[in-house]
Amino acid sequence: MRKQAKFGVGIGVIVAAMGFLAWLGYGESKTYYHTIAELPTLTGSAKSQRMRVGGTVAPGSIHHVTGRIDFVLEGEGKTLPVSYIGSDPLPDTFVDKSQALVEGHSNADGRFVAEVVQAKCASKYEAAPGGTGGAAASSAQRTSM
Amino acid sequence: MDIFGSFALVLAFVCAVYAFGGGIAAIFTRHPLLIKSTRQAGMAACGLIFLATFSLEYLFFSDNFANAYVVAHSNRDLSTFYKVAALWSGQEGSLLFWSFLLAVYVLSVLITYRNKNGELMPYVGVVMAGVQIFFLTLNNFVASPFKALASPGADGVLNYVARADGSGLNPLLQYPEMVIHPPNLYSGYTGFTIPFAFALGALLARYPGEKWIHLTRKWTMIAWMFQSMGILLGAHWAYAVLGWGGYWGWDPVENASFLPWLTGTAFLHSVMMQEKRGMMKVWNVWLVFCTFLLCILGTFLTRSGIVSSVHAFAQSSIGSWFVGFLVVIVAVCLGAYLKNRDYLKSENQLDSIISRESSFLFNNLILLVSCVAILSGTLFPVFSEWITGNRISVGAPFFNKVNIPIGLLLLFLTGVGPLLAWRKTSTESLKRNFGWPLGIGLIAGVIALVFGFREIYSWVCLILCVFVASTVGLEFYRGAKVIRARSGATYMASAVDLTMRNTRRYGGYIVHMGMVFVFIGLSGAAFNRDLQKDMQVGQTMQIGPYSLLLQGFDSKPEKNYTAQRMLVEVLRDKKPIMMLYPEKRHFSTNEQNGTMVAIYSTLKEDLYVVYAGDSPDTQLPVLHAYLNPLVKWIWLGGAVVVFGTLVAMLPNRRAVLVLTGAQQPATQPLTHGLTPSVTMREGHD
C-alpha cells in the first residue's frame, strides 16, 4: 500500500471512531432549551424530551416538602410549578427572585420535575473573568466528569 | 484619578493607531525614522495602558466610590489582596486587564528585538498594534472602567455622586486562587498574540520559516505555560470553592480556555517537524492562527455570554464587537495565506508510518479532533438554534465519550513519539526503546487486574502511565549513564547535567512526566464516592476508611463576612487524624452566601467535606463528604509541567557535544538517521 494511503486510512479510522463516540455522547446528553411560554405548546415526543427551562423564582414560592423542594418559576408572564428531586442541596444563590435554570422532564400534569437546578442572583451577577466565569456562574450542581 | 485613567487610555489608543498606520507606511517606505517612531509609539501605547491600569487600581485602594466600577466590585472592608483582584472581577476591568497584559508582552517584544530582525519587526509591530487597537476600542468606547456615578439634580443636570460604600466583590471570587488564576489564564490568552503576530508578520514579509519559528518558540512556551497554569488553577478553584466535588464540568467557559491550549500544544510539537524536516509549514501557520482565534473566541465566550444558559444572565452588547474582530482576523489570515502560500511549500514528504514525523502527525490530529469536538459541543446550542430553531445543548457524557479515548491515545503517543527516529524507525530500536517500558506497563496492568481493578479506561490509563513514565525514566537513566561513565559523578548529578546540556529535550520529558501525573489524577475520577447525611452533634458518618464525627458548630465573624463552621473530627481506625472545618459564609455587604469546602488531601485520596446547608425535612445540618482518589496528582502534575517548561526555556549549558559513538551499537547503521537517545546536539531535538 502506498504510504499516503496508509496515513489516510489511519486518520480516517481515528476520525470515524471519534465521530461515532461523539454521536453516542450526543444522544445520551442532548438537552433542549425551552422557555416557560413554549412548554404548553410542545407536542408528541418533544414533550418528553430532557430539557432546560429558565426563569425567575416567584417570591415566597419555595417550599420544602419531604423528598423534594417545590417552587414556581416565572417568565414572560407565565408560571411553571417545579419540583426539585435532586440529591444535592440547592446552591447558596437560590432564593426568591433569583434567576434559575432547571433541567429535567415535564410531567403529564404540567409540573416540571427537575434533577438539576442552577441559580444566580440576578441583581449582582457578572461573569467571572477568564476560564472560570462559567464555573463562577454555576455555584450549582453539575455532573462531575 | 478616573479622568487621568481615561485620558491615558485615549492617548494609548491614539498611539496604537499611529503604530498601526505608521507601521504600514514604514513597511512600504522603509524610512528608518518612520520605523523608529512607530516602534516608539507602540512602546508609548503600552506605557499609557500601564498608567490607566494603575490608576484604576488606585481607585480601588483609595475606596473611590464615585467610580461605577469600583462601587460594583469593592467595598471598604474588602482586604487589600482582593482589592487587587477586584480589577478583573467584572467586564470592564477584565478587558482593561487584557490590554494591560498584552501591553506587557508587546513592550517586551519591542524592546527585545529593537535592533534585530529589521525586515520582520515592522510587520510584527503592525499586527500587535492592530490587536491592541481592538482592545483599546473596547476599553475606551464600549466598556470603559472609568465611568463615574452621576444622577440628575433638581435642574435636570447630571451631577457626580459618590456612594458611602461599594456593593462588594462576588463571594465566589473571594478566594486566593481567584487572585492568581485569572492573571495566569489571561497571560496565556494574551501571550498567544505574540506567536500570532510573528506568524502573520512572517507570512506577509515572506520571512524564512525556520527563523520566525525559532524566534517565537519561547514566547509560545511562555503563553502555553501560563495557559496550563490558568486552566489548572481554575480547576482547583472550582474544586475548592464550588463544593460540588469535581474540578471540571465541561462548562463553556472552561472549554473556551482549553481550546487554545490544545492547538497551542499541537503547535509546540509540529514546529519540530518544520525545524527538522521543513514540513508542515502551512499547518503550523494555521495552527498559530487558530490558536489566536480561539483565544479571542474564548474571551468572547466568557465576556458575551452567548453560549451557556447560565451566562445568559450576563448578556451584553460586547459580543458583536468580538464577532466583528474574529471576522477581520479570519479575513486577514486568509488573505495573507492566499497571497503568499507559495512560500509555505513543504520541503519533504512523510517517509514511514513508524517515525517521529508520523507520531507528530497523529499527535496533531488527535489534538485537533479533540479541539473540534469540544468546540462543536460548546457551540452546539448556538448552531442548533440557527439550523433547527431548537436550542440543544450537550453535556458531560458527550465530552467525556470523545475526550477520554483521545486523552489515552495522546498519552500513548507521549511515551512513543519522542523515542521514534526521524524518517524511519528500525524494529531493532523499537525493541531497545520500548521493550522494558512496555513490559513494566503490562506487569502493572496484570497486578491491577489481580487486585480487582475493573474500570477499563482507568486500567488502560494506568498501564499507559507506567509505560510512559518508564520510557522517560529510561531516557534519563541511559543518558545519565553515559555521562557518569565519563565524569564519574552520581546518577543524580549526571541526570541534571544531561538535562542542562539539552534543556529542550529533557525539559520536554519533564513536561511529559507532569502530564503522566495529571493523567494519574484524572483516572482516579472513576472511583469517586460521595455520601450525604443529616448530622446531629456527636453523630458519625463513615466514608471509605474515614469516620467523620460532628463535634459541634461555631460562628466566626471576619471582617467582610461571618462564617458558620462545622467542627468535624476525622478518625481513621478509631484514631483521630485531624479536624476539618467546612464553612458557610454570609457576606453582609451584598447579602450573599458562600461555601468553603474543607479538604484533607493525600496522594492516595482527597477527603472532601462540604457543609451543605440544613436539611428541609429534619432541620439538621447536612454533611456531604466525598472521597476522591488521586486528585492531588493533578495539581502535582501541573507543578511538574510548569517546572519542565521552565527548564525547556533555559539555554543549553554546553555547546554541541556528540556522544553518538559511545552509545550507538556498532551494528546500528547511522544512515537510518536514527537519533539514539543520548545523542547530544544543539538543543533542538
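All residue numbers refer to positions counted from 1 along the written sequence of the respective chain. Following the order in which they are written, the chains are lettered starting with A and the ligands numbered starting with 1. Local features in this predicted model are restricted to residues whose pLDDT is 70 or higher, and side-chain atom pairs enter the listing and the counts only when it is 80 or higher, whereas totals over whole chains, interfaces and linings include all residues.

**Student:** Help me out: how do you make sense of the packing of helix H6 (residues 121-142) of chain B against helix H12 (residues 318-340) of chain B in this one?
**Tutor:** For any two helices packed against each other, the geometry comes down to the angle between their axes and how far apart the axes lie. Residue and element names in this part refer to chain B. A fitted line through C-alpha atoms serves as each axis, taken over the contacting stretch for helices, and the angle formed by two N-to-C directions is quoted from 0 to 180°. The helix count covers DSSP runs of H or I at least four residues long, the strand count covers runs of E at least two residues long, and both are numbered beginning at the N terminus. One can describe the packing of H6 onto H12 by two numbers: an axis separation of 11 Å at closest approach and a directional angle of 160°. Compared by their axis directions, H6 and H12 come out roughly antiparallel. Every pair of crossing elements has a handedness; the one defined by H6 and H12 is right-handed. Contacts between H6 and H12 involve Phe134, Leu138 and Val142 on the former and, on the latter, Ile318, Trp321 and Phe325. Ten residues, namely Ala, Val, Leu, Ile, Met, Phe, Trp, Tyr, Cys and Pro, are considered nonpolar, four, namely Asp, Glu, Lys and Arg, are considered charged, and the remaining ones, Gly among them, are considered polar. Counted by class, the contact of H6 with H12 contains six nonpolar, no polar and no charged residues. Working definition: roughly parallel below 35 degrees, roughly antiparallel above 145 degrees, roughly perpendicular at 65 to 115 degrees, and oblique for all remaining angles. Crossings are assigned a handedness: left-handed for a near helix turned anticlockwise from the far helix by less than a right angle, right-handed for a clockwise turn. A pair of residues counts as a contact when their C-beta atoms, built from backbone coordinates, are within 7 Å of each other.

**Student:** Would you mind going over the confidence of the model for chain B with me for this structure?
**Tutor:** Parts of the model with low pLDDT should not have their predicted coordinates read in detail. All names here are of chain B. On average, residues of chain B carry a pLDDT of 86, and 93% of them reach 70 or more. Scored from 0 to 100, pLDDT reflects the predictor's confidence in each residue. Note that pLDDT drops below 50 for residues 309-314; the model gives that stretch 25 contacts with residues more than four away or on any other chain. Overall, residues 655-685 carries pLDDT values under 50, and its contacts beyond four positions in sequence, including any with other chains, amount to 53 contacts. As scored by the predictor, the complex reaches a pTM of 0.87 and an ipTM of 0.73.

**Student:** Please explain the domain arrangement of chain A as it appears in this structure.
**Tutor:** Note on interface size: it is often stated as the accessible area lost on association of the parts. Each domain's extent was defined by an automatic or database domain assignment. The domain architecture assigned to chain A consists of domain 1 (1-30) and domain 2 (32-123). Here the C-alpha centroids of domain 1 of chain A and domain 2 of chain A sit 38 Å apart.

**Student:** Whenever I open this one, the nonpolar core confuses me. Can you help?
**Tutor:** Side chains of a nonpolar character, in soluble globular proteins, are inclined to be buried together. All names here are of chain B. Residues Ala12, Ala199 and Cys465 are the most contacted members of the largest nonpolar core, which totals 189 residues. Ranked by residues supplied to this core, first place goes to helix H9 (residues 209-241) with 19 residues. Look past the residues within four positions of Ala199 in its chain and what remains in contact with it is Trp212, Val285, Val288 and Phe289. In plain words, the nonpolar core is the set of buried Ala, Val, Leu, Ile, Met, Phe, Trp, Tyr and Cys residues that C-beta atoms within 7 Å link up. Residues are called buried when their C-beta atom has 20 or more other C-beta atoms within 10 Å, exposed when it has 12 or fewer, and partly exposed otherwise; all C-beta atoms are positioned from the backbone. Tyr608, Tyr611, Leu623 and Ala625 belong to the second-largest nonpolar core, a separate cluster that totals 19 residues.

**Student:** Looking at this structure, I do not really get helix H1 (residues 2-29) of chain B. What am I missing?
**Tutor:** Count 3.6 residues to each turn of an α-helix, and residues three or four apart come out pointing the same way. Relative to the 40 Å expected for 28 residues at 1.5 Å per residue, H1 of chain B spans 40 Å between its end C-alpha atoms, a close match to the ideal helical length. Positive phi appears at Arg30 of chain B, one or two residues downstream of H1 of chain B, with a value of about 60°. To estimate the expected span of a helix, subtract one from its residue number and multiply by 1.5 Å.

**Student:** Got a minute to help me understand the pairing of strand E9 (residues 583-587) of chain B in this structure?
**Tutor:** Consecutive side chains along a regular strand alternate between the two faces of the sheet. Residue and element names in this part refer to chain B. Should DSSP find at least two bridges between two strands, the strands are regarded as paired. Summarising the sheet, strand E7 (residues 562-572) and E9 pair through four bridges and their orientation is antiparallel. Bridging across to E9, Ala563 finds its partner in Arg585. The pairing of E9 with strand E10 (residues 592-596) spans five bridges and is classified as antiparallel. Following the sheet pairing, Phe587 is matched in E10 by Gln592.

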